[in-house]
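Fold and geometry: a report
Below are the chains, spelled out letter by letter.
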Amino acid sequence: MSHYLDRVPFSGIIRIRDMMYSVTDPFRLDQGDVSFDAPDTVKEAMRKAIADNRSHYLQTTGVPRLLELLAEKLRTKNGTPVGSPDEVMVTTGGIHALYVVCQALLDPEDEVVVPDPEWPPCAGNVLAARGVPVPCPLHERLGWRYDLDELASKITGRTRAIYVNSPHNPTGGVLTRGDVEAIAAIARERSLWLISDEAYEDVLFDGRKHVSPASLPGMYERTIPIYTFSKSYAMTGLRLGYVAARDAALRDRMKKVLFYTASNVSSVVQFGGIGGLEGSQACIEAFRTELQARRDLFYEGIRAHASDVLAGEPPHGAFYAFLRIDPEWSAGERTNGSLSWAMTEYLISKGRIGCVPGVDFGAAGEGYVRFCFARDRRELTGALESLKGLLQGVGPNPAG
Ligand code: PMP
């Protein structure tokens, strides 16, 4: 057993999941999973793959047809100048793509600048590759974006990469084109890699547009974009992600990690991915429209039933409400002095409402709590009903 792994933490989301099992009729707003189902194009292609006995070993980096479709998608939708499909590799979900990239890119003690707060597997995967995650705050006052001077100040002689994630989990922050250009300039000047986690590339609201860093002039050479079918095609449990890289030496290393961790991604799932890409893309827009409606429904409920204690602007991307807790709120017991944990435990035990303490995403998340609004409307409405009376009137400035 490697003692090294004892230093890699599990996400608190797992502790929450265990707590939720003891709750009868819970509202699972803790889970970052969509309530939608995968489109028929994906399911039909998987049925056909099973009927056609596509149950054998495949090429390590992916079925050629899938790689060809992904290379084309990267070129046309993301504006990334992918040459041949050999530059693309499929993975067992986005989390596996991140694992593969960190293992292939990092030497021990290499630093990676990561957002704070951030989806916990980001720092976890850097640590698992024996690297050092260096947190850089995202600021609520900037719409959960970087102070770019602060970001530049985090770069040291040991920095190997900057990891960016836009739209962002857990805050819903979206980087502007100006932000992406400035981050690209830092990466170029300091000869750094950019790991760009674009899991939520299709989940943007209010007319915001996604900018893929690898689409900027000269940036694909030093950018490793990571994508997943989990959100765009509601395929969280099927596990299909992909990554692209121009650098052949890096790709060789990534291929080894892929091979030794998966041999190849599940054949049936890869054929499902082909079905998803070859068929209509209407589900993506339908999901986005519905998610925007759910966001508005959720924030309306928070304003009506919890505005004394929970506050925050509706996000422009992803599907999480990352809400600030009034520091004076005191209805719960503070676990290790954490307001985030106190609120989470209070809402789970008193309201059956699953949520995740902001501090689980990093020190800058303390004092916040995350709810996922990608759950179906009934579950959201149920949670909001349950919230009635739990927070209103218990804060220091009622109706404030
Ligand atoms: N990146 C971010 C920021 C995420 O939030 C997630 C999923 N929660 C992923 C990547 C990866 O998702 P998956 O492994 O399901 O593809």
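Here the structure is a predicted model, which means the values were calculated and not measured.

Within the chain one finds 13 helices and 11 strands. Over its C-alpha atoms the chain spans a radius of gyration of 21 Å, differing by no more than 12% from the 21 Å that the globule rule assigns to 400 residues. Seen through its principal axes, the chain has C-alpha atoms that stretch 60 × 55 × 50 Å. For the chain, with 400 residues in total, the buried portion stands at 51%. When contacts within the chain are restricted to residue pairs at least 6 apart in sequence, long-range pairs at least 24 apart make up 74% of them.

An ideal rise of 1.5 Å per residue puts 18 Å on 13 residues; helix α7 (residues 177–189) measures up with 18 Å between its terminal C-alpha atoms. What α7 keeps buried is the set Asp 179, Val 180, Ile 183, Ala 184 and Ala 187. Across the axial projection of α7, the buried residues extend over an arc of 130°, all falling on one side. In α7, the exposed residues that point more than 90 degrees away from the buried face are Arg 177, Gly 178 and Glu 189. Contact partners of the buried residues in α7: α6 (148–153), β4 (159–165) and β5 (193–197). One or two positions beyond α7, positive phi appears at Ser 191, with a value near 50°.

Spatially, the 4 strands line up as an open sheet ordered β8-β9-β11-β10, and their pairing is antiparallel. Of all the strands in the sheet, the pair left with one neighbour each is β8 (310–311) and β10 (356–357). In this structure, β8 lies alongside strand β9 (residues 320–325), joined through 2 bridges in antiparallel fashion. Each residue of the ladder has a partner; that of Ala 311, found in β9, is Arg 324. Lying on the sheet, helix α11 (residues 282–306) is in contact with β8 and β9; it crosses β9 at an angle near 20°.

Moving on: the sheet that holds strand β2 (residues 111–116). If you walk across this open sheet you meet the 7 strands as β1-β7-β6-β5-β4-β2-β3, and the pairing is mixed. With one partner strand each, in any of the chains shown, β1 (88–91) and β3 (132–137) form the two edges of the open sheet. In this sheet, neighbouring strand axes are inclined to one another by 25° on average, regardless of whether the strands run parallel or antiparallel. For β2 and β3, the ladder comprises 6 bridges, and the chain directions are parallel.

Below, the discussion takes up the site of the ligand. Gly 93, Gly 94, Ile 95, Thr 228 and Ser 230 are the nearest of the 13 residues found near the ligand. Its residues placed into classes, the shell around the ligand shows 3 nonpolar, 9 polar and 1 charged.

Moving on, we get to the pairing of β5. Summarising burial for β5: 5 of the 5 residues are buried, a large majority. Side chains Trp 193, Ile 195 and Asp 197 project from β5 onto one buried face, and the interleaved Leu 194 and Ser 196 project onto a second face that is buried too. Here 5 bridges tie β4 to β5, and the two strands are oriented parallel to one another. The partner of Tyr 163 across the bridge, within β5, is Ile 195. As for the winding sense of the linkage, the β-α-β connection from β4 through α7 to β5 is right-handed. By the bridge criterion, 4 bridges tie β5 to strand β6 (residues 223–228) in an arrangement that is parallel. Looking at β6, one finds that Leu 194 is bridged to Thr 223.

Below, the discussion takes up the nonpolar core. Counting residues in hydrophobic clusters, the biggest one holds 124 residues, and the most contacted among them are Val 88, Val 101, Tyr 163 and Val 243. Per-domain counts for this core show at least three residues from each of domain 1 (3–37 + 283–387) and domain 2 (56–278). Those residues within four positions of Val 101 in sequence are excluded, and the remaining contacts are Ile 195, Ile 224, Ile 226, Val 243 and Met 254.

A few words on the domain arrangement of the chain. Often the size quoted for an interface is simply the accessible area lost on bringing the parts together. Parsing the chain into structural domains produces domain 1 (3–37 + 283–387) and domain 2 (56–278). Of note, the centres of domain 1 and domain 2, computed from C-alpha atoms alone, are 25 Å apart. Taken together, the 33 residues of domain 1 in the interface contact 32 residues of domain 2. The set of elements that each furnish at least two residues to the side of domain 1 that touches domain 2 consists of α11 and β9. Of all the elements, α11 adds the most residues to the side of domain 1 that touches domain 2, at 7 residues. Classifying every residue of the side of domain 1 that touches domain 2 gives 17 nonpolar, 8 polar and 8 charged.

Before going further, it helps to examine the environment of Tyr 57. With respect to the secondary-structure elements, Tyr 57 resides in the loop between α2 (40–51) and α3 (64–76). Accessibility expressed as a C-beta count within 10 Å gives 8 for Tyr 57, which makes it exposed. Each C-alpha atom, one on Tyr 57 and one on Arg 352, is 45 Å from the other, the two residues being 295 residues apart in sequence. What Tyr 57 contacts, discounting residues up to four positions off in sequence, is Ser 263 and Asn 264.

In the contact formed by α3 and helix α10 (residues 267–278), the axes pass within 9 Å of each other and the chain directions differ by 40°. Classified by the angle their axes make, α3 and α10 are oblique. For the crossing formed where α3 meets α10, the hand is left-handed. The segment α3 lies against α10, with Arg 65, Leu 66, Leu 69 and Lys 73 engaging Gln 270, Gly 273, Ile 274, Leu 277 and Glu 278.

What follows is about the confidence of the model for the chain. With 96% of its residues at a pLDDT of 70 or more, the chain has an overall mean of 95. Across residues 395–400 the pLDDT falls below 50, and counting only partners more than four positions away or on other chains, this stretch makes 10 contacts in the model.

The rules behind the values
- Residues numbered from 1 in each chain as written.
- Predicted model: local features only at pLDDT ≥ 70, side-chain atom pairs only at ≥ 80, totals over all residues.
- Helix = DSSP H or I, 4+ residues; strand = E, 2+ residues; numbered from the N terminus.
- Rg over C-alpha atoms; globule rule 2.2 N^0.38 Å.
- Buried ≥ 20, exposed ≤ 12 C-beta atoms within 10 Å, placed from the backbone.
- Contact = placed C-beta atoms within 7 Å.
- Expected span 1.5 Å × (residues − 1).
- Arc of directions from axis to C-beta.
- Pairing = 2+ DSSP bridges.
- Axes fitted to C-alpha atoms, helices over the stretch in contact; angles between N-to-C directions.
- Near = placed C-beta within 6 Å.
- Nonpolar A, V, L, I, M, F, W, Y, C, P; charged D, E, K, R; others polar.
- Right-handed = clockwise from strand over helix to strand, strands pointing away.
- Core = buried A, V, L, I, M, F, W, Y, C linked by C-beta atoms within 7 Å.
- Domains from an automatic or database assignment.
- Parallel < 35°, antiparallel > 145°, perpendicular 65-115°, else oblique.
- Left-handed = near helix turned anticlockwise from the far one by under 90°.
- pLDDT = per-residue confidence, 0-100.

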